[in-house]
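Fold and geometry: a report
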Amino acid sequence: MYKSRLQELCQQRLWAPPEYTHRRGGPDHAPLFGATVSVNGAEFENQPSSYKSQLQIYTQKRGKGLPLYQTIRQGPVHSSQFKSVVTVDGEAFESPEYYHTVKEAESAAAKLALMSLPQEASSTEQVPVQPLSYKNLLQELAQKQGFTLPAYNTTSDGSVHVHIFKSTVTFQGESYQGEPGNTKKQAEMNAAKVAFQHFEDGRNNVLSSTVLTRPHLEQGTAGLSAGQQQVKIAEPVNSVFQASTATNHSASGATDHDYHRLVATNPLPLADSAKSSDEDIESCELKDNKLASPEPSTVAEEVNSAPGPELKASDGHRPEIKPSDGHPVPLASTNAVHSTGCGCSLITNRVQVYPRRPDLVLPEGATLLPFSDDAWVAVSLPTLNHRDAELATGADAGRIAPRVWLLRGMICRKIYLVCLLLLLHFASMGDAAYMKYKDPKQPTNTRVKDLISRMTLAEKIGQMTQIEREVASADVCRDPRWGRCYESYSEDHRIVQQMTDIILGLQGEIPINHTKGVPYIAGKDKVAACAKHFVGDGGTHNGINENNTIIDEHGLLGIHMAPYYDAIIKGVATVMVSYSSLNGVKMHANNDLVTGYLKSKLHFRGFVISDWLGIDRITSPPDANYTYSVQAGINAGIDMVMVPYHYTDYINNVTSLVKKGVISMSRIDDAVRRILRVKFTMGLFESPLADLSFSDQLGKKEHRELAREAVRKSLVLLKNGNSPNQQFLPLPKKARSILVAGSHADNLGYQCGGWSIKWFAASGDITVGTTILDAIKSTVADSTHVVYSENPDESFMKENDFSFAIVVVGEPPYAETVGDSTELTILDPGTDTIRTVCSTVKCAVVIISGRPVVIEPYLPMMEALVAAWLPGTEGQGIADLLFGDYGFTGKLPRTWFKSVDQLPMNVGDPHYDPLFPFDFGLTINSSQPGFSGAEQLRDRNGRTIYLVLSSVLSVILIHSSILA
């Protein structure tokens, strides 16, 4: 159908017909085919068909059962690899190795099967002729007439190896059952064929009684016998072929209005290809038993006017028209032909028909037409050249007689009714189907409504899976024991609300008059944001990930819901639902909050997306009743579901639940409407592919400088000196010898933390960046000797004479449940390093962590303490502050506890007794000197040490490919 629609477009815009170039790839035993089409000077290339598709075609052509795939998995859930075994006709073929996705594994197994199974020789130049798509015809008929779209109910016999499918289609209140098929698609096509033909048969009676009794047709039908008046013209009902027409009705007295009204009320019938030709078309013979002129050898040739053979009914005999000398038999020569008899002139492509054969090769530039059937293939050939077209429409056009050849070999020269009906068909298709959803000038709601009206249930369900997005966390972390606390900006909802400004950075500044709740994405350089995890995810009992949040309505709306108010006002496109429960109800099944509050109360008009395998976890254990989970999740208001693995199970369950009425079509339409609204807003229908011109922006120096500035502004100075009048920071850049110690001092992976490159990140050089050790070395004077020892012992400390030391320790990388901790301690041997170094020389500490950790027992040993959070790749930002190039400005966004026994403890709680309170942060007093490294400031061992514990930068952007 897309070839026909492309042909429509070209004719509507007066472009040359599309030109196709076919190509073949892959090994000889397992070829893959692709094509390139040239349209108005631009070329469009498709990817070759998949090996799985080729294998399915292979089995269907040979009457074998469909291929059965079995997946073999190895490795943990988060990093599984897959093999696949495909069984064809009792023979199994296993993919040669493990792959990262099931799709790759199944493709490899299918390829091996194709290479191993016996093959038939095929021509690489042969253009396959596709059968008529009755499903498309039936759907377009419904759309054209304003009917409800057909609904299919397809069942299988349940056998394991060879499936037999039966399908029933409901159309206009009637049910039609087709012949069984080997595939679901074939069965539905058979049902659609029965429905379409039944509907057309009913309308044909009206057409014959209407067309043949109109006064302005009497002249053209006067010479027909009674038998000839029953001739049916094989014409498509649907406007899938576009023609440019010029009409002159003076000879018959008919007006343009008459013709258009005739077409509108009585669309032309389609010949029933399932029946014999004798049932459809009266047998005919040529009076002079030969053609007036031979078929032209090229499409540009024009046949001169000559007395035409007359059509005469004949019982029991119909001439068989066959190709002659390799030339195709034409359906109609419509190259700007003109008839003074019926007053019609046409400017169209040539339409020709061929007997359907397995070895049929279509001419170059031919386009298959929808009124082909099981016996004949109708095609449209390119138009005449410019000179011949001018001739055909000029003064000499009247000398060119029409040559109208009917399907199945009927030839008609002077039957005005036939010429008129052919003209009416082309005229009815003169107005190309205007699709509002493709017009970016239309309002978004208009485009959404138009596209939804054209979509099948399967297409709608397809929309309800997967999208790429960026994340703006709206979580309020109320317990640092939670493994996702660093994904939250603060324990205070007011800070989280302020940080929703990140949405404006991701999606663009929202216009002043923009409607509240409606998603807004400013342009191609912006992305869709996702606020997550709705709602209460940061308040679970004891900080356990995916646990239960126990809270009253006042606390829920005042703390956890508040950031979503701001996110929706700022036009956030999507909201992700939390794994967690709220007062015992799984959020993925919470209709009251997802639909009742988020969508209805807050008027959120974007779409709601599940978390990774989120609906599976509605039950305990997960996936215990998947059908129920699908039902509960979608009916709760989830619009798009993340289905990383068994998406066919999800699609089948949704389809079944809709057909049973458990999930309403209005719920499906609501979900699809929301998804399409975001896609139209993003401009995905105009620019569906990523703009690679932005690729040179990755890792730019300007961006790294901005990240370095973010590090400087996020660091919090918690301690600076052991006496009020003596600062320890800033450090001198000139010193005899500096010790840098700790597990996090020279580890880029530890600086970045979880969700960096990988799910849990990793240790070491996982990406390009500057470690804290390298930053210190590049900051100090050339004469300063910098020594690094990750975990020095006492003998090492005694053997060396350091001016001071910097120790960098903290948490290991983690994500989600792996990060849940009841103790909140730093990574071993971090505490031993602090004791060994800080008991020998003066020191200060910078902590790398995603949250406050236990540090009070070691605080008296150090001179300075810095919370650096997760600084990421730009460790130079830490050195900028340690050595005084910039001052400290950061404040604590969450309370630093004394011991885990106090948790949960948040600002405003009655038992609030922190080590460092919320919003605490020291600054450098420029009126007081910092540590100079002078002899009188050394401790009893004559050495000075700084300990720097690293922490996590609280702003994190997560791509959907690693989103959980």
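Right above here is the structure, for reference.
Let us look at the structure shown here. Small disclaimer: the values here were computed from a predicted structure and weren't measured.

Re the sheet that holds strand E8 (residues 165-171)
- Taken together, the three strands give an open sheet; going across it, the order is E7-E8-E9, and neighbouring strands pair in antiparallel fashion. Among the strands making up the open sheet, the edge pair consists of strand E7 (151-156) and strand E9 (174-177). The sheet shows a mean angle of 20° between the axes of neighbouring strands, direction not considered.
- In the sheet, E7 pairs with E8 via six bridges, with the strands oriented antiparallel. Residue pairing for E8: Ser156 is matched across the bridge by Phe165.

Some details on the state of the cysteines
- All told, the structure shown has two disulfides when counted by the stated rule.
- The disulfide bridge from Cys477 ends at Cys485, spanning 2.1 Å between sulfur atoms. Taking the sign of the torsion about the S-S bond as the criterion, the disulfide between Cys477 and Cys485, at about -105°, is left-handed.
- Cys477 gets classed as buried once you look at its relative accessible area, which sits at 2%.
- The exposure class of Cys485 is buried, given its relative accessible area of 1%.
- There is a disulfide in this structure between Cys838 and Cys843, and the S-S distance comes to 2.0 Å. When the S-S torsion is 115°, as for the bridge of Cys838 with Cys843, the disulfide is right-handed. In this pair, the class of Cys838 matches that of Cys843, namely buried.
- Once the bonded cysteines of the protein chain are numbered in order along the sequence, the disulfide links fall as 1-2, 3-4.

Some points on the side chain of Arg677
- Assignment of secondary structure puts Arg677 in helix H20 (residues 665-682).
- Dropping the residues within four chain positions of it, Arg677 is found in contact with Thr444, Asn445, Val448, Val518, Pro519 and Arg605.

Some points on helix H15 (residues 553-560)
- Burial in H15 covers these residues: Gly555, Leu556, Ile559 and His560. Projection of H15 onto a plane perpendicular to its axis shows the buried side chains occupying an angular sector of 100°, all on one side. Turned more than 90 degrees from where H15 packs its buried face, Glu553 and His554 sit exposed.
- Elements that come into contact with the buried residues of H15 comprise helix H13 (493-499), helix H16 (562-569), strand E25 (581-582) and helix H17 (591-601).

Let's talk about the nonpolar core
- Core analysis: the largest hydrophobic core is formed by 69 residues, its most contacted members being Phe534, Leu593 and Tyr650.
- Per element, the largest residue contribution to this core is seven residues, and it comes from H20.
- Discounting residues that sit within four places of it in the chain, Tyr650 has contacts with Ile461, Met464, Thr465, Ile615, Tyr626, Val630, Ile634, Val641 and Val643.

Some thoughts on the pairing of strand E22 (residues 529-534)
- Summarising burial for E22: six of the six residues are buried, a large majority.
- As paired strands, E22 and strand E24 (residues 574-577) are joined by three bridges and run parallel to one another. Bridge pairing in E24 places Ala531 opposite Val575.

Quick notes on the pattern of salt bridges
- Under the definition given, this model contains 30 salt bridges.
- The partner of Lys599 in a salt bridge is Asp670, and the shortest N-O contact between them spans 3.5 Å. In this pair, Lys599 is assigned in helix H17 and Asp670 in helix H20, connecting sequence segments 71 residues apart.
- Residue class for Lys599 comes out buried when judged on its relative accessible area of 4%.
- If you follow the salt bridges from partner to partner, you end up with Lys599, Asp639, Arg667, Asp670 and Arg674 in one network.

Topic: the side chain of Lys83
- Within the secondary structure, Lys83 is located in strand E5 (residues 81-88).
- Other than its neighbours up to four places away in sequence, Lys83 contacts Gln70, Thr71, Ile72, Glu94, Ser95, Pro96, Glu97, Tyr98 and Ala105.

Brief notes about the environment of Asn720
- By the secondary structure assignment, Asn720 is in strand E28 (residues 716-720).
- By relative accessible area, Asn720 is classed as buried at 12%.
- Here Asn720 is in contact with Gln726, Gln727, Phe728, Leu729, Glu863, Ala864, Leu922 and Ile924, once residues within four sequence places are set aside.
- Side-chain polar atoms of Asn720 contact the backbone nitrogen of Phe728, separated by 2.9 Å.

As for the sheet that holds E25
- As summarised here, the arrangement of the three strands in space is E23-E25-E26, forming an open sheet in which the pairing is mixed. This sheet does not close on itself; its edge strands, each paired only once, are strand E23 (548-549) and strand E26 (585-586).
- In the sheet, E23 pairs with E25 via two bridges, with the strands oriented parallel. If you follow Thr549 over to E25, its bridge partner there is Leu582.

A short note on H17
- Turning to H17, its buried residues number three or more, namely Leu593, Val594, Tyr597, Leu598 and Lys599. Buried residues in H17, looked at end-on, bunch into an arc of 165°, giving them a common side. In H17, the exposed positions angled more than 90 degrees off the buried face are occupied by Asp592 and Lys601.
- A distance of 3.3 Å separates the backbone nitrogen of Asp592 from a side-chain oxygen at the start of H17, and that oxygen is part of Asn590.
- Note on H17: the residue one or two positions beyond its end, His603, has a positive phi of about 60°.

Basis of the calculations
Residues numbered from 1 in each chain as written. Predicted model: local features only at pLDDT ≥ 70, side-chain atom pairs only at ≥ 80, totals over all residues. Heavy atoms only, no water. Pairing = 2+ DSSP bridges. Helix = DSSP H or I, 4+ residues; strand = E, 2+ residues; numbered from the N terminus. Axes fitted to C-alpha atoms, helices over the stretch in contact; angles between N-to-C directions. Disulfide = S-S within 2.5 Å. Buried < 20%, exposed > 50% of the residue type's maximum accessible area, 1.4 Å probe, protein only. Contact = heavy atoms within 4.5 Å. Arc of directions from axis to C-beta. Core = buried A, V, L, I, M, F, W, Y, C linked by side-chain atoms within 4.5 Å. Salt bridge = Lys/Arg side-chain N within 4 Å of Asp/Glu carboxyl O. Polar contact = N/O pair within 3.5 Å; in protein donor to acceptor, adjacent residues only side chain to side chain.

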